[in-house]
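Listed below are the residues making up each chain.
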Amino acid sequence: MTNIHNDRVLILDFGSQYTQLIARRVREIGVYCELLPFDVDVDYIKNFNPKGIILSGGPDTVTTDDSARAPEIIFDLGVPILGICYGMQTMAMQLGGKATSAEKHEYGFAKIRARSHSPLLIDINDEINDEGHGLLDVWMSHGIEVTKLPNGFERIASSDNCDIAGFANTEKSYYGLQFHPEVTHTKKGKEILDRFVSQICNCQKNWTTKNIISDLIKSLKEQIGKSNVLLGLSGGVDSSVVAALLNKAVDDQLTCVFVDNGLLRLNEGDEVMQTFAQNMGVKVIRSNAQQKFYDALENEADPEKKRKIIGHAFIDVFEKEANKLNNIEYLAQGTIYPDVIESAGAKSGKAKVIKSHHNVGGLPDDLKFELVEPLKELFKDEVRAIGVELGIPKHMLFRHPFPGPGLGVRILGQIKQEYADILRRADAIFMDELYKNDLYGKVNQAFCVFLPIKSVGVTGDERRYDYVIALRAVETIDFMTARWARLPYDFLDHVSNRIMNEISRVSRVVYDISGKPPATIEWE
């Protein structure tokens, strides 16, 4: 059986908003990689045994004394290294070169000329100029530039504003790029990364959907053995794929518990039961625990505390259901790789925790189950690809993301059943109209938010003083950055009127036009 982890690349994160994109691109090429903080333990780096290392960009100013540096151990491993943006700058500084503030900062599109026929860039170009030089359309984002090459390095790229836009020590297979090959704006970026990981690092492309499924099923069988496993089934993409994997791996040793926590979308409970219990033959227990969650969340308005409360309540329900069953030793979760990354900051604090996820942040220390998390190495697009291969209906796999805490983080402030009922009806109207107008697939995430404020309105000749609903729709490739969707005004007008006419407790509808960054996609 192919070892999908044998050829691996280590990505050290210096805090760039694009770092997850690097990992996703490497995975798309077919090579396994892991993303870790730049100050990860030295022994971990040695034991990881990478065939190549990539240093990400970051927000630090490389010329200051306290700026982040790559672990010195990476230069002793004898493996290829690629520094991107800040990663290139710190390589230069650490290996004896220099970097200073650029006369002209570069943010956005740039055209670079490849030089020196380096193994990284040779024969990769978007066009050839009149002098026969290869040119590349790339994406820059920097105010610092390398001004002196370390010994043994040569320039391999330049732009009008940046004389050293790339460098290389071909003998050691060390490379640096001032631009970002991981973003789609760099048209040949994936080819450049492919050249690095498959030719310079000599990695085999074993990270494929079929190989991942085979490896996961084998691992699940080995971990669970003859014991029984309990899965918290939400009906979302991640838990649905876990259910399908476990069903293949351990069959009737799996019991799914679907917790109706009162924070789900309209009619979602019935839909989940129909899909899994009736159509896929999976054993599903439905636990109606709405009141438990409402009681636990009473008078709590802090988003992080709400997440933790919801996580603990889920575990409480699972334990009670498990006590009714025989030999439950394992608890399965749909934790995916971005959950793990986003919930863990670097030791230095430079990689900030944006928000905790209920899968990874809400578990008690005395959890009596052993965790099963088959997706914890996978990005969402990889999870969806596995789901398609396993035969899960596409309409389930390609639904817009729904947060683990459900409507609990779309009801701002304190949660009440009344608020949840209003919100799920408004959200159902929004989704209905997106589908009817062929807009659902043209945005990457859309939802409603309940605002715990009241606004004056008019119904007929009477004054109305009721709640406000915010509509949110975004366009994004990676969910790390996003822009608000430019939905047609007539469409928004129609949705707004439907919500206010059909839900008597809503007096005003607003549309969120915040991008990420500086906002996040969810409101909490």
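This write-up is about the structure you can find in this document. Since we're looking at a predicted model, the values are computed, not measured.

**A short note on helix α6 (residues 237-250)**
- With 14 residues, α6 extends 20 Å from end C-alpha to end C-alpha; this agrees with the ideal 20 Å at 1.5 Å per step.
- In terms of burial, α6 is a largely internal element, 12 of the 14 residues being buried.
- All of the buried residues in α6 are Val237, Asp238, Ser239, Ser240, Val241, Val242, Ala243, Ala244, Leu245, Leu246, Ala249 and Val250.
- Directly beyond the C-terminal end of α6, a positive phi value near 55° is found at Asp251.

**Focus: the side chain of Glu268**
- As for its position among the elements, Glu268 is in helix α7 (residues 268-279).
- Polar side-chain contacts of Glu268 include one of 3.0 Å to the backbone nitrogen of Arg265.
- Excluding anything up to four places from it in sequence, Glu268 contacts Ser234, Arg399 and Phe402.

**Comments concerning unusual backbone geometry**
- Omega for the bond connecting Lys516 with Pro517 falls within 30 degrees of zero, at -10°, which places this linkage in the cis form.
- Structurally, the position occupied by Pro517 is in the segment after β19 (506-511).
- Backbone torsion omega between Pro517 and Pro518 reads 10°, so that peptide bond is classified as cis.
- The phi dihedral of Cys85 is positive, around 55°, even though this residue is not glycine.
- Note on placement: Cys85 falls in the loop between β4 (81-84) and α3 (86-94).

**Concerning the packing of helix α5 (residues 209-224) against α6**
- For the pair α5 and α6, interaxial distance at closest approach is 9 Å and the crossing angle is 65°. Crossing of α5 against α6: the hand is right-handed. Of α6, the residues touching α5 (which contributes Ile213, Leu216, Ile217, Leu220, Lys221 and Ile224) are Leu245, Leu246, Lys248, Ala249 and Val250.
- A per-class count over the contact of α5 with α6 returns 9 nonpolar, no polar and 2 charged.

**Remarks on the nonpolar core**
- Within the largest apolar cluster, 51 residues are counted, with the highest numbers of intra-cluster contacts made by Phe430, Leu434, Ile469, Leu471, Leu487 and Ile499.
- At 9 residues, the largest contribution of residues to this core is made by helix α14 (residues 417-436).
- For Leu487, the residues in contact, after removing those within four places along its chain, are Phe430, Leu434, Leu439, Val443, Ala473, Leu492 and Tyr511.
- The next biggest cluster of nonpolar side chains, apart from the first, holds 42 residues, and it includes Tyr32, Leu216, Leu220 and Met273.

**Points about the packing of aromatic side chains**
- Counted by the stated rule, this structure contains 14 aromatic pairs.
- Both rings, one in Phe75 and one in Tyr174, keep their centres 5.9 Å apart while their planes meet at 65°; by these two values the pair is edge-to-face. Of this pair, Phe75 sits in the loop between β3 (52-55) and β4 while Tyr174 sits in strand β10 (residues 174-177); the two residues are 99 residues apart in sequence, bridging distant segments of the chain. Of the two residues examined, Phe75 and Tyr174, each falls in the buried class.
- With centroids separated by 5.0 Å and ring planes inclined at 50°, the aromatic side chains of Phe450 and Tyr467 adopt a geometry described as tilted. One end of the pair, Phe450, is in strand β16 (residues 445-459); the other, Tyr467, is in strand β17 (residues 462-475), with 17 residues separating them in the sequence. With respect to class, Phe450 is no different from Tyr467; both count as buried.
- An aromatic cluster of at least three residues, connected via ring pairs, comprises Phe14, Phe38 and Tyr86.
- Sitting over the face of the ring of Trp484, Arg486 holds its NZ or CZ atom 3.9 Å from the ring centroid.

**Observations concerning the sheet that holds strand β13 (residues 284-288)**
- Reading across the sheet, the 5 strands line up as β13-β12-β11-β14-β15 and stay open at both edges, with parallel pairing between neighbours. Each having just a single partner strand, β13 and β15 (370-372) make up the two edges of the open sheet. With direction set aside, neighbouring strand axes in the sheet form an average angle of 30°.
- Looking at chain direction, strand β11 (residues 228-232) and strand β14 (residues 328-332) are connected through 4 bridges and run parallel. Within the sheet, the bridge partner assigned to Leu230 lies in β14 and is Leu331.
- α6 contacts β11, β12 (254-260) and β14 of the sheet and is inclined by roughly 165° relative to β11.

**As for the side chain of Ser239**
- Among the structural elements, Ser239 can be located in helix α6.
- Note on Ser239: relative accessible area 7%, which makes it buried.

**A look at the environment of Leu10**
- Along the chain, Leu10 falls in strand β1 (residues 8-13).
- Taking the C-alpha atoms as reference points, Leu10 and Gly58, separated by 48 residues in sequence, lie 16 Å from one another.
- Apart from the residues within four sequence positions on either side, Leu10 is in contact with Glu34, Leu36, Ile45, Phe48, Pro50, Gly52, Ile53 and Ile54.

**With respect to the pairing of strand β8 (residues 154-159)**
- Both β8 and strand β9 (residues 166-169) contribute to a ladder of 3 bridges, which runs antiparallel. Bridge assignment links Glu154 to a residue of β9, and that residue is Ala168.
- A loop of 6 residues connects β8 with β9, the two strands running antiparallel in sequence.

Conventions adopted
Residues numbered from 1 in each chain as written. Predicted model: local features only at pLDDT ≥ 70, side-chain atom pairs only at ≥ 80, totals over all residues. Heavy atoms only, no water. Helix = DSSP H or I, 4+ residues; strand = E, 2+ residues; numbered from the N terminus. Expected span 1.5 Å × (residues − 1). Buried < 20%, exposed > 50% of the residue type's maximum accessible area, 1.4 Å probe, protein only. Polar contact = N/O pair within 3.5 Å; in protein donor to acceptor, adjacent residues only side chain to side chain. Contact = heavy atoms within 4.5 Å. Axes fitted to C-alpha atoms, helices over the stretch in contact; angles between N-to-C directions. Left-handed = near helix turned anticlockwise from the far one by under 90°. Nonpolar A, V, L, I, M, F, W, Y, C, P; charged D, E, K, R; others polar. Core = buried A, V, L, I, M, F, W, Y, C linked by side-chain atoms within 4.5 Å. Phe/Tyr/Trp six-rings, centres within 6.5 Å; stacked < 30°, edge-to-face > 60°. Lys NZ or Arg CZ within 6 Å of the ring centre and 35° of its normal. Pairing = 2+ DSSP bridges.

Just distances and angles here, no functional claims.
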